[in-house]
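Okay, here's what each chain looks like letter by letter:
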Amino acid sequence: MTLSWGSSHLAVSMAGDLAGRSCAVIGGGVMGLSTARLLQLRGAKVTLYAAAFPPETTSDRSGAQWWPFSVVDPQRRTPEFVAQYIEAANYSFRRFQGLVGAEWGVKWVPNYYLSDDTPHNDWIGGPGGVLRNLQVGFQDFGPGEHVFPANYARRFYTMMIEPQTYLRTLLREVQAAGAQIQVRQFGSREELASLAETVVFNCTGLAAAELFGDMELIPIRGQLTVLLPQAEVNYNLISGPLYMFPRSDGIVLGGTYEKGRTEAIPDLAAKQRILQAHRVVFEKMRENQTKMGSSEQASR
Ligand SMILES: Cc1cc2nc3c(=O)[nH]c(=O)nc-3n(C[C@H](O)[C@H](O)[C@H](O)COP(=O)(O)OP(=O)(O)OC[C@H]3O[C@@H](n4cnc5c(N)ncnc54)[C@H](O)[C@@H]3O)c2cc1C
């Protein structure tokens with residue numbers, strides 16, 4: 001979700017001048033829709049082919065916090081990759097920034113990353129990180145400076161993208177600009193040769209591994225547990241593998257992060273584990289709030 005506009009921008013730019021040309025986009029998730037829209041903005045005629053469209057894609061199950069983590073393999077970080085990654089992230093950020101509001105389901109929220117050790121600065125974020133410029137309102141809070149159940153809390157603001165609103169609006173916009181929509185499942189790459197369009201964009205997500213022989217593609221399985229919406233919760237909380245994203249359609253809790261797995265069957269034991277771990281975090285936070293409140297009263 002995060003890199004959608006940026007990755008589409010790289011792909012569309014690579015294809016050169018497509019004004020007036022007919023293009024096929026295979027896939028109706030966030031990548032297919034963003035690619036279709038950028039092609040339209042360059043004057044191309046687009047037909048979107050996909051086995052499924054929103055609300056039935058993986059993109060509809062996304063978190064979706066705007067932050068490009070877990071997409072970089074440090075062992076394979078070439079200068080070319082770094083340049084693409086930075087360009088895609090910055091391009092995406094600017095596009096999403098222009099979509100903030102209820103119509104698109106994009107909003108700004110502070111993220112608090114908890115840690116007992118001093119906050120970790122990595123290649124991407126923190127002082128010296130290549131995307132530090134995109135960590136708005138960055139501040140570290142030390143022991144006693146916050147209510148969270150950890151020694152440190154690192155805060156920065158990012159955008160939250162609510163997939164159901166966002167994808168619906170994007171699909172509507174792409175259709176309104178004249179895209180043809182065809183529900184169609186391709187069984188092999190060879191089938192694509194029968195298409196009338198000669199320029200084809202592969203936006204098939206995990207299916208690209210089989211369909212296009214892209215064996216470097218690594219699936220990562222994630223599972224969300226959704227609580228009733230609570231409008232008063234207005235920040236993201238990330239503590240180790242756990243995350244809590246408050247959305248208008250519910251409080252989204254994660255996280256599982258299983259490399260190499262694709263099955264879309266809920267793991268109920270993981271759900272219980274995630275619920276219980278969040279319960280512990282928020283109970284401790286309430287205790288801290290009570291303690292901080294009473295020491296403030298005592299000092300008055
Ligand atoms: C639980 C969870 C949490 C996540 N949280 C975040 C987050 O916080 N931030 C973030 O940035 N990302 C997050 N992601 C990742 C993000 O959602 C995905 O990387 C992104 O949505 C993938 O989009 P896509 O368009 O490439 O693929 P998909 O949404 O999977 O779309 C693929 C499209 O291709 C079509 N297709 C596939 N095979 C064929 C075929 N043979 N013929 C025709 N059509 C085909 C499908 O029908 C579909 O339309 C999360 C993902 C999950 C599961």
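Model, not experiment: these values are computed from the prediction. (Residues numbered from 1 in each chain as written. Predicted model: local features only at pLDDT ≥ 70, side-chain atom pairs only at ≥ 80, totals over all residues.)

Novice: For the overall build of the protein, give the residues involved together with the corresponding values.
Specialist: Across its full length, the protein holds six helices and 13 strands. Judged by the C-alpha coordinates and their principal axes, the protein covers about 75 × 40 × 40 Å. Across the 300 residues of the protein, 32% fall into the buried class. When contacts within the protein are restricted to residue pairs at least 6 apart in sequence, long-range pairs at least 24 apart make up 70% of them. (Helix = DSSP H or I, 4+ residues; strand = E, 2+ residues; numbered from the N terminus. Buried ≥ 20, exposed ≤ 12 C-beta atoms within 10 Å, placed from the backbone. Contact = placed C-beta atoms within 7 Å.)

Novice: Please provide a residue-by-residue account of the site of the ligand, values included.
Specialist: Near the ligand you find 30 residues, and of these Gly 29, Gly 63, Gly 205, Ala 207 and Gly 222 are the closest. At three residues, helix H2 (residues 30–41) tops the list of elements feeding residues into the shell around the ligand. Each residue belonging to the shell around the ligand can be placed in one class, and the counts come to 13 nonpolar, 16 polar and one charged. (Near = placed C-beta within 6 Å. Nonpolar A, V, L, I, M, F, W, Y, C, P; charged D, E, K, R; others polar.)

Novice: Break down the domain arrangement of the protein for me, citing the residues and quoting the values.
Specialist: Partitioning the protein into structural domains gives domain 1 (4–64 + 162–217) and domain 2 (236–299). The distance between the C-alpha centroids of domain 1 and domain 2 comes to 34 Å. Each partner contributes residues to the interface: domain 1 has four residues there, and domain 2 has seven residues. Of the residues that constitute the side of domain 1 that touches domain 2, the class distribution is one nonpolar, two polar and one charged. (Domains from an automatic or database assignment.)

Novice: Got a sec to walk through the nonpolar core? Specific residues and values, please.
Specialist: Grouped burial of nonpolar side chains is what soluble globular proteins tend to show. The biggest cluster of nonpolar side chains holds 55 residues, and the ones touching the most others in it are Val 25, Ala 36, Val 46 and Ile 161. Looking at this core element by element, the count peaks at six residues for H2. In terms of domain composition, this core takes at least three residues from each of domain 1 (4–64 + 162–217) and domain 2 (236–299). Excluding its chain neighbours within four sequence positions, the residues that come into contact with Val 46 are Cys 23, Val 25, Ala 36, Leu 39, Gln 40 and Ala 179. (Core = buried A, V, L, I, M, F, W, Y, C linked by C-beta atoms within 7 Å.)

Novice: Let's hear about the sheet that holds strand E2 (residues 45–50): which residues, and what values?
Specialist: Pairing within the open sheet is parallel, and its four strands lie in the order E6-E2-E1-E7. Every other strand in the sheet has two partners, leaving strand E6 (180–183) and strand E7 (199–202) as the edge strands with one partner each. Within the sheet, the average angular offset between the axes of one strand and its neighbour, ignoring direction, is 20 degrees. Looking at chain direction, strand E1 (residues 22–26) and E2 are connected through five bridges and run parallel. Bridging from a neighbouring strand, Cys 23 pairs with Val 46 of E2. (Pairing = 2+ DSSP bridges. Axes fitted to C-alpha atoms, helices over the stretch in contact; angles between N-to-C directions.)

Novice: Break down the environment of Leu 167 for me, citing the residues and quoting the values.
Specialist: Looking at where Leu 167 falls in the secondary structure, it is placed in helix H4 (residues 163–176). Note on Leu 167: 26 C-beta atoms within 10 Å, which makes it buried. Between the alpha carbons of Leu 167 and Gly 105 there is a distance of 9.1 Å; along the sequence they are 62 residues apart. Leaving out residues up to four positions away in the same chain, Leu 167 has contacts with Val 30, Leu 33, Pro 54, Ser 59 and Asp 60.

Novice: Go over the packing of helix H1 (residues 4–14) against helix H3 (residues 79–97), please, and point to the residues and values.
Specialist: The geometry of H1 relative to H3 is characterised by a closest axis approach of 6 Å and an angle of 120 degrees between their N-to-C directions. Considered as vectors, H1 and H3 are oriented oblique to each other. Of the two possible hands of crossing, H1 and H3 adopt the one that is right-handed. Contacts from Ser 4, Trp 5, Gly 6, Ser 7, His 9 and Leu 10 of H1 reach H3 at Gln 84, Glu 87, Ala 88, Ala 89, Tyr 91, Ser 92, Arg 95 and Phe 96. Looking at side-chain class alone, the contact of H1 with H3 contains six nonpolar, six polar and two charged residues. (Parallel < 35°, antiparallel > 145°, perpendicular 65-115°, else oblique. Left-handed = near helix turned anticlockwise from the far one by under 90°.)

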